[in-house]
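# Reading the structure
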Amino acid sequence: MTTTSMPRVTFTLHATDGAARSGVLAMPRGDIRTPTFMPVGTAGTVKGLYMEQVRATGADIILGNTYHLMLRPGAERVARLGGLHEMARWPYPILTDSGGFQVMSLSALRKINEKGVIFQSHIDGSKHELTPERSVEIQLLLDSDIIMQLDECIRLPAPEREVERAMRLSLRWAERSKAAFGNQPGRALFGIVQGGTLPHLRRESAEALAALDLPGYAIGGLAVGEPQAEMLATIEATEPYLPREKPRYLMGVGTPDDILEAIRRGVDMFDCVMPTRAGRHGTAYTRHGKLNLRNARYAEEKRPMDETSSCPAARDYSLAYLHHLTKSGEMLGQMLLTWNNIAYYQQLVAGARAAIAAGRYADYVMETREGWARGAS
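A short tour of the structure in this document, coming up. Please read these numbers as outputs of a predicted model, since none were measured by experiment.

### Considering unusual backbone geometry
- Note the cis peptide between Thr-34 and Pro-35, where omega equals 0 degrees.
- Here Pro-35 shows up in the loop between β3 (30–34) and β4 (36–39).
- Here Arg-72 and Pro-73 are connected by a cis peptide whose omega angle stands at 10 degrees.
- Here Pro-73 shows up in the loop between α2 (66–71) and α3 (75–80).
- Despite not being glycine, Arg-89 shows a phi value in the positive range, around 60 degrees.
- Although it is not a glycine, Asp-143 adopts a positive phi angle of roughly 75 degrees.
- If you trace the backbone, Asp-143 turns up in the loop between α6 (132–142) and β10 (146–148).
- When its relative accessible area of 16% is taken as the criterion, Asp-143 is described as buried.

### A closer look at the packing of aromatic side chains
- All chains considered together, the criterion is met by six aromatic pairs.
- Between the aromatic rings of Tyr-67 and Phe-119, the centroid separation amounts to 5.5 Å while the plane-to-plane angle is 45 degrees, which identifies the pairing as tilted. Placement of Tyr-67 in helix α2 and of Phe-119 in strand β8 (residues 117–120) is noted, with a sequence separation of 52 residues between them. Neither residue differs from the other here; Tyr-67 and Phe-119 are each classed as buried.
- On the numbers, 5.7 Å between centres and 85 degrees between planes, the contact of Tyr-285 with Tyr-345 is edge-to-face. Taken together, the residues Tyr-285 in strand β15 (residues 283–286) and Tyr-345 in helix α14 (residues 331–358) connect sequence positions 60 residues apart. Take Tyr-285 and Tyr-345: they sit in the same class, and that class is buried.
- One aromatic cluster is present, built from ring pairs that chain together Phe-37, Tyr-285 and Tyr-345.
- The ring of Tyr-92 is capped by Arg-55, whose NZ or CZ atom sits 3.5 Å from the centre of that ring.

### Quick look at the sheet that holds strand β9 (residues 127–130)
- The antiparallel open sheet is built from three strands, whose spatial order is β7-β8-β9. The strands lining the two open edges of the sheet, one partner per strand, are β7 (110–112) and β9. Across this sheet, the average inter-strand angle for adjacent strands is 15 degrees, counted without regard to direction.
- Sheet analysis places β8 next to β9, joined by four bridges and oriented antiparallel. Bridge pairing in β9 links Gln-120 to Lys-127.

Rules behind the numbers
- Residues numbered from 1 in each chain as written.
- Predicted model: local features only at pLDDT ≥ 70, side-chain atom pairs only at ≥ 80, totals over all residues.
- Heavy atoms only, no water.
- Helix = DSSP H or I, 4+ residues; strand = E, 2+ residues; numbered from the N terminus.
- Buried < 20%, exposed > 50% of the residue type's maximum accessible area, 1.4 Å probe, protein only.
- Phe/Tyr/Trp six-rings, centres within 6.5 Å; stacked < 30°, edge-to-face > 60°.
- Lys NZ or Arg CZ within 6 Å of the ring centre and 35° of its normal.
- Pairing = 2+ DSSP bridges.
- Axes fitted to C-alpha atoms, helices over the stretch in contact; angles between N-to-C directions.

Coordinates in, geometry out; function isn't part of it.
Shown next, in the form of structure tokens:
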């Protein structure tokens, strides 16, 4: 009898430039080139795009959300239907957020204790319990490739004692998540560093998680309204205590400039709803900067957003037409701007990978910002 083993998950660094890194996170469903941006497919879809379009932009991995998918259509149903990859027609890696951030944002609709969180659905008010074990179970039912531990993400600013309490609870939940995950060949469990913007708590969290020897680590609890300088300082306080040989994921970030600065500080993976949400509201991200397509200045502009782009939405449609679609509230306008935005974010990280490999990352950041500035002038 011949048995075959599932390929291992491996992370290989290929180049560094200062703290900036480029590499490959190899998984059975495909390689993830880092730095990488993960388009957000909260409910199993990147809003406004076919998965073929998402892939064509250069995306290696997308993100789904445990909270939303457990409520609708339900994790057990997704499993019966073949898993999220089959349902969504995305055969490449998927990372699922644990649901912790969404549950914590419910405020009055949830109660937290050592065991987990009891919360009411924002859809129909039904009661649910999410524990570290159940979060892992749901993500396995979804057939996720990268599974996130359940953590407590609190609103900032908050008293230090509250930040410390949530960080310590998240560490205990990380241990339980690891036990629940067990041995899952071909998949990876990531821990989440918490601790607010307090360096000593971030260090304690990072060191404790590193001792668990997980396949990857996320920096959580940021991108919740704090100034960019505080976010970057927190990354700098955390990065030295994360294993160099493991991927680092900054959750929920962010603007193109945030991503460039976080890459400069050693971050490998990103996700954010910003490019899709902005596209639905008439905003485009381009190498010429951020464009508001509602602006009357574009009403008779025959040129496209970016004639050099590989994305048809940026290259083949006039600014005048995109302005018309946006002002008219046409669905096609939202789809085209979302397509452009996801493509631009992929171009941004692809450029970062090439610049790191060439040892000119600082120049790349400067040139990118100069392009934004010229477009704004």
